[in-house]
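Survey of secondary and tertiary structure
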Amino acid sequence: MIHDDDHNKLNEFLAEVNKRLGSKLEMDLPRIVVIGVQSAGKSSVLNRVIGFIIFPQASGTTTTCPIILRVFKIPESEEEGIELDNFPDAGRISDNDEVMAKIANFMEKNGGKLVDTPIGVRVYSRTLLPFTVIDMPGITKLAEGLSEDDLIKLSLKYITEKNTKILAVTPANDDISNSVAIQLAQKVDPEGKRTLVVLTKIDMMEKGTNALDLLSGKLPSLKQKLEIVGLVNRSQADIKKGVTLALQLQNEQEFLKEHYTDLAEQNGIGYLQKRLNKLLMPHLVNWLPDQLIQWKEKLQLCIDRLAKHPQELPLNQELDFLYKIVRRFEDGMKTEIQGCTQHPELHYLYGGVRIKYVYQKRFYEGIVAAEKAAQNSITKEMISNAFMNTESYNSIRSYAEPVFRTLAKEEIIRLVEPALKCADEVFDEIVKIADRNLKEKGDKDLTHFPAVQDVLRQGVIGEATAKLQTNA
C-alpha cells in the first residue's frame, strides 16, 4: 500500500529487533477505518484490499467487534503468516481459512452479540507493504449487545483521530443522501480531506438504474464533494461457487467496461488500492520525520542507560565485584549509623542520631510515663500481705525473694509497651538506613542488581529482628 523505502527499512529493522529480543515493538502507522451499516460489504471490501480472505463474510451481521489488522513487511528469511492477539498460543498461522475460522469462533463466544473489545490481527508478509486497517461492526438497529447509538459512538471513536483515513462504505442500492457512514465521516472530517466513499454492489442496482451520477461526483445533497469509488462485491453466490479474488477482479473489470465505459479506470478494487496509497502518502511524508525523531530519542535513552550499566565481567572477577558492592553497602550503613558531619540534614533526624534520639528521648518519656502511672500502685498493705503469704500456718518465717519478684513483675509489665515502641522505631530506622543505601543514586553498581538489593535488605531485616529479640 505505501511505497516508501525508509518506511520499509524501519519495519525490517523492527522485525530484526523483535526477533532478537523476543519483543513486539511496532510503529504507529497511519490507519484506515472502514465504517458503514450492516451488510454494506465492508468485510468484502477489506478482503479484496489486502488481497486474501480472512474477514468473515455472510448475510446479516458477521463482524461483531472491531478487527484491527496490521501488515508488517518482513525480510525474505522470515516466515510469512498471520498471528492473532487473541490466540497467542497458535503462533504464526499460514492458512487463511484457519485465521478466518478463529476470528469467527472468537466472535461466536459473545453469542453473536456486538461488543467493543477488538480482535488484533498481525499479517507478516514479504510482498505486502505496511499499513493498518480496522473493520468496524456494521451499524444496525436490530442487534444484540451494543445498541445503534453505541455502534455509532464506537465508529466515531475510531475515526476521530487525525491520522485516520476513513472508508465510508455505502451500498449503491441505498439512498446515498441517507448514508450513515458518510454522515459520521462528515462529523469528524467536515472538509473531506481524509474520507473516501466506497460505493459497493453497483451491479445489484434496480433494473434501469445505474450509479453514473454518483460515480461522476454529481451529489448536490452532500455537504462537500467527496471522491467515490465503485466496486462489484463478491456476492454470497460467488462465495458458494468458490470464486477466487483473481476471478472476482476479472469479473469486476468486465462489468465496469460494459456498464461504465468512461469511468472504468477510476473504479474497481485496483483503483481503490491506488487511491488509498495516494491518500496515505501525504500523511506519511509528515509522519516519518516525527517517527525518526522519536526513535532517536528512545535510542539515546537506551544509550544513556547502557552507559550507566556495569560492563560484563569475567567469571573469576564476579565474586570480587560482588564483595566490593556488598562492602560498599556495609560501609554506607556504618557511616550513617555512626554519623557523618560533612553534610548535616536540616529538617529531620536520621540514621544513628535518630536511633539515639529514640532511646534517649522517646524511650525515656515512655519510662517516665510508666513510672507516673505506677505511683501508689503498690501499698504497704499489699507488701504486708505478700510477706505474710510466704509464711506457713506453723511458722512465722517470711521469704523476701518471692515477694520482691512478685512486686517487681507488676512494675516491669508497665515497661513492656514503651520498650516495644522503642524497638519498633529503631527497627524502622534501620530498615530506612538500608533502603537509602541500597537506592543511593550515586551508587552505579547496586541499582543494576535488584536481586542483590533484595538479599541485602532481607539480611538487614533478619539481623535487626534477631538483635532486637535477643535484647528483649
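Looking at an unreviewed UniProt entry, one finds the chain named Dynamin-type G domain-containing protein, with Orchesella dallaii as its source organism.

Evaluated as defined, the whole model comprises 19 salt bridges. Arg-275 is the partner of Glu-227 in a salt bridge, and the nearest nitrogen-oxygen pair spans 2.6 Å. Remark: Arg-275 occurs in helix 9 (residues 269-308) and Glu-227 occurs in the loop between helix 6 (212-215) and strand 8 (228-230); sequence separation between them is 48 residues. Note that Arg-436 is salt-bridged to Glu-336, the shortest N-O span being 2.4 Å. Pair noted here: Arg-436 is in helix 13 (residues 400-438) and Glu-336 is in helix 10 (residues 315-338), with a separation of 100 residues, a long-range link. Judged by its relative accessible area of 30%, Arg-436 falls in the partly exposed class. What you see here is one network of salt bridges that share partners, running through Arg-327, Glu-330, Asp-331 and Lys-334.

What follows covers helix 5 (residues 180-188). Three- or four-residue spacings in an α-helix give side chains the same orientation, since the helix completes a turn every 3.6 residues. Here helix 5 has its buried residues at Ala-181, Ile-182, Leu-184, Ala-185, Gln-186 and Val-188. Along its buried surface, helix 5 packs onto strand 1 (31-35), helix 4 (148-159), strand 6 (164-171) and strand 7 (195-200).

So, about the nonpolar core. Note that soluble globular proteins tend to have their nonpolar side chains buried in a common cluster. Ile-54, Leu-69, Val-121 and Leu-272 are the most contacted members of the largest nonpolar core, which totals 39 residues. The dominant element in this core, judged by the number of residues it contributes, is helix 9, at five residues. Leu-69 has contacts with Ile-50, Ile-54, Phe-55, Val-121, Val-123, Phe-131, Thr-132 and Val-133, leaving out every residue within four places of it along the chain.

Procedures and definitions
All residue numbers refer to positions counted from 1 along the written sequence of the respective chain. Local features in this predicted model are restricted to residues whose pLDDT is 70 or higher, and side-chain atom pairs enter the listing and the counts only when it is 80 or higher, whereas totals over whole chains, interfaces and linings include all residues. Hydrogens and water molecules were not included; the side-chain quantities draw on all heavy atoms of the structure. We define a salt bridge as a side-chain nitrogen of Lys or Arg found within 4 Å of a carboxyl oxygen belonging to Asp or Glu. Helix and strand labels come from DSSP, where a helix needs a run of H or I of at least four residues and a strand needs a run of E of at least two; each type is numbered from the N terminus. Each residue gets one of three labels from its accessible area relative to the maximum for its type: buried under 20%, exposed over 50%, partly exposed in between, using a 1.4 Å probe on protein chains only. In this analysis, two residues are considered to be in contact whenever any of their non-hydrogen atoms come within 4.5 Å of each other. Working definition of a nonpolar core: buried Ala, Val, Leu, Ile, Met, Phe, Trp, Tyr and Cys residues. They are joined through side-chain atoms within 4.5 Å.

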